[in-house]
Amino acid sequence: MSYKIFFHPQAVQELHRLEGSVKRLVLKQIAKLSRSPLLGEELGNRNGFNLTGYRKMYVDKKRVRIVYRVRHETVEVFIIAIGKRGDMEVYGDAARRV
């Protein structure tokens, strides 16, 4: 069974801003999520960001994160943020979009 991928509108913008080679790596990881959505690690309530129920997947030697939620009941993966971990920015962006 394949999960349908949905993006938060700002995650789409983040994807488009990535450089070509990194964007290709991100798209490969997203393709993996459609087949195996539980590949990423679970996030929780850390560093002041409550992302319980969300997961993260690493890209580009852990320089970029994809933050997403799996919705089993509707067979979909909802990507809410794509970005660098620097200063926990990607997690802050994700927490504001939840």
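For the structure given in this document, a descriptive report is provided here. (Residues numbered from 1 in each chain as written. Predicted model: local features only at pLDDT ≥ 70, side-chain atom pairs only at ≥ 80, totals over all residues. Heavy atoms only, no water.)

## Section: a positive patch on the surface
1) Next: Together, Arg 24, Lys 28, Lys 32 and Arg 35 line one region of the surface with positive charge.
2) Next: The residue Lys 32 is located in helix 2 (residues 20-35) in this model. (Patch = residues over 30% accessible without salt bridge, like charges linked within 9 Å, V, L, I, M, F, W, Y side chains within 5 Å. Areas by Shrake-Rupley, 256 points an atom, 1.4 Å probe, with all protein chains shown as cover. Salt bridge = Lys/Arg side-chain N within 4 Å of Asp/Glu carboxyl O. Lys, Arg positive; Asp, Glu negative; His and termini not counted. Charge placed at Lys NZ, Arg CZ, Asp CG, Glu CD. Helix = DSSP H or I, 4+ residues; strand = E, 2+ residues; numbered from the N terminus.)

## Quick look at the side chain of Arg 65
1) Next: With respect to the helices and strands, Arg 65 occurs in strand 6 (residues 64-71).
2) Next: We note that Arg 65 is buried and unpaired, the nearest opposite charge coming from Glu 41 at a distance of 8.2 Å.
3) Next: Of the polar contacts made by the side chain of Arg 65, one reaches the backbone oxygen of Lys 62; its length is 2.4 Å.
4) Next: Sequence-distant contacts of Arg 65, that is, excluding residues within four places in its chain, are made with Met 57, Tyr 58, Ala 81, Ile 82, Gly 83, Arg 85, Val 90 and Tyr 91. (Buried < 20%, exposed > 50% of the residue type's maximum accessible area, 1.4 Å probe, protein only. Polar contact = N/O pair within 3.5 Å; in protein donor to acceptor, adjacent residues only side chain to side chain. Contact = heavy atoms within 4.5 Å.)

## Quick notes on the pattern of salt bridges
1) Next: A full pass over the atoms with the stated rule returns 5 salt bridges.
2) Next: Between Arg 97 and Glu 14 there is a salt bridge, with the nearest N and O atoms lying 2.7 Å from each other. Placement of the pair is Arg 97 in helix 3 (residues 89-97) and Glu 14 in helix 1 (residues 9-17), with a sequence separation of 83 residues. For the pair shown, Arg 97 and Glu 14 are each scored as buried.
3) Next: One salt bridge in this structure joins Arg 96 and Asp 93, with 2.5 Å as the shortest N-O distance. Of this pair, Arg 96 and Asp 93 are both found in helix 3, 3 residues apart, which corresponds to roughly one turn of the helix.
4) Next: A relative accessible area of 63% places Arg 96 in the exposed class.

Everything listed here is a matter of geometry and, on its own, says nothing about what the molecule does.
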